[in-house]
Amino acid sequence: NDNYNVVTLHGQLGDEISTGDLKNKGIDYLALGHIHSYKKERLDARGVYCYPGCLEGRGFDECGEHGFVMLDIDELTGTIDSTFIPFASRKLYTIPVDITGCESTTDILERMRAETAGKGYPEKSLIKYELVGKIDVESEKDIDFLLHQFSHLFYFVKIKDNSAYLVDYAAFAKDKSLKGEFIRTVMGRADLPEEDKATVIHYGLQALAGEEILDA
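Residues numbered from 1 in each chain as written. Predicted model: local features only at pLDDT ≥ 70, side-chain atom pairs only at ≥ 80, totals over all residues. Heavy atoms only, no water.

Asker: Talk me through helix 4 (residues 178–187); I want residue IDs and the actual numbers.
Answerer: Residues of helix 4 that are buried include every one of Gly180, Ile183 and Val186, and no others. For helix 4, the arc enclosing every buried residue in end-on projection is 130°, short of the 170-degree limit, so these residues lie on one face. (Buried < 20%, exposed > 50% of the residue type's maximum accessible area, 1.4 Å probe, protein only. Helix = DSSP H or I, 4+ residues; strand = E, 2+ residues; numbered from the N terminus. Arc of directions from axis to C-beta.)

Structural data, given as structure tokens:
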């Protein structure tokens, strides 16, 4: 108990490791692994536990600051100064972009630029744009074009399209065109989930218009 005691252990408290087994054991600093982001909390009245994280983010599930923890221990007083040291040469960012109401690729591009401009993302960052929201089924959306507009700005860029299509079914209920017949046929498919119907209609309308299928 008179020493400053550092314990290193790979694992996660409350999961592989029981917190109760480590409390009141004379631990001053418990260095843990498994979780790849920095976190520091009290272990008990005497000690703390810390996840220093990994040195570099390895995927977009590991965004944010990464580095290591430096411990400066005063053996005479039994005190410690712990400092998180940023180390990663590149950072990963996920940028959500709500494209609700956009009617064209140009509209989506402007939304993406608005979410990027002035936010201080370094040029050597790894960026994932995540498109969310809902757009009209007849709206145009060219992911490859959008990617080309941003790929030169950062070390790595990807676009994850999690947006959905909206279909005004009532507008086509009595439409006597081929488009109306196609939409009613898809709407009547009981084996298709509603979100899949909207996607099928989107690509079908592109095909009927003689347009290139931009994404599939």
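Asker: Quick one: what's the story with the sheet that holds strand 7 (residues 92–98), residue by residue and with numbers?
Answerer: Read across the open sheet, the 3 strands follow the order 7-8-10; overall the sheet is parallel. Only two strands of the sheet have a single neighbouring strand rather than two, namely strand 7 and strand 10 (156–161). Strand-to-strand, the axes of this sheet are offset by a mean angle of 20°, without reference to chain direction. Pairing geometry for strand 8 (residues 126–132) and strand 10, over 6 bridges, is parallel. Each bridged residue has a counterpart across the sheet, and for Ile127 the counterpart in strand 10 is Val157. Across the sheet, helix 2 (residues 105–116) lies against strand 7, strand 8 and strand 10, angled at about 135° from strand 7, the strand it touches most. Against the sheet, helix 3 (residues 143–150) touches strand 8 and strand 10, its axis set at about 150° to strand 10. (Pairing = 2+ DSSP bridges. Axes fitted to C-alpha atoms, helices over the stretch in contact; angles between N-to-C directions. Contact = heavy atoms within 4.5 Å.)

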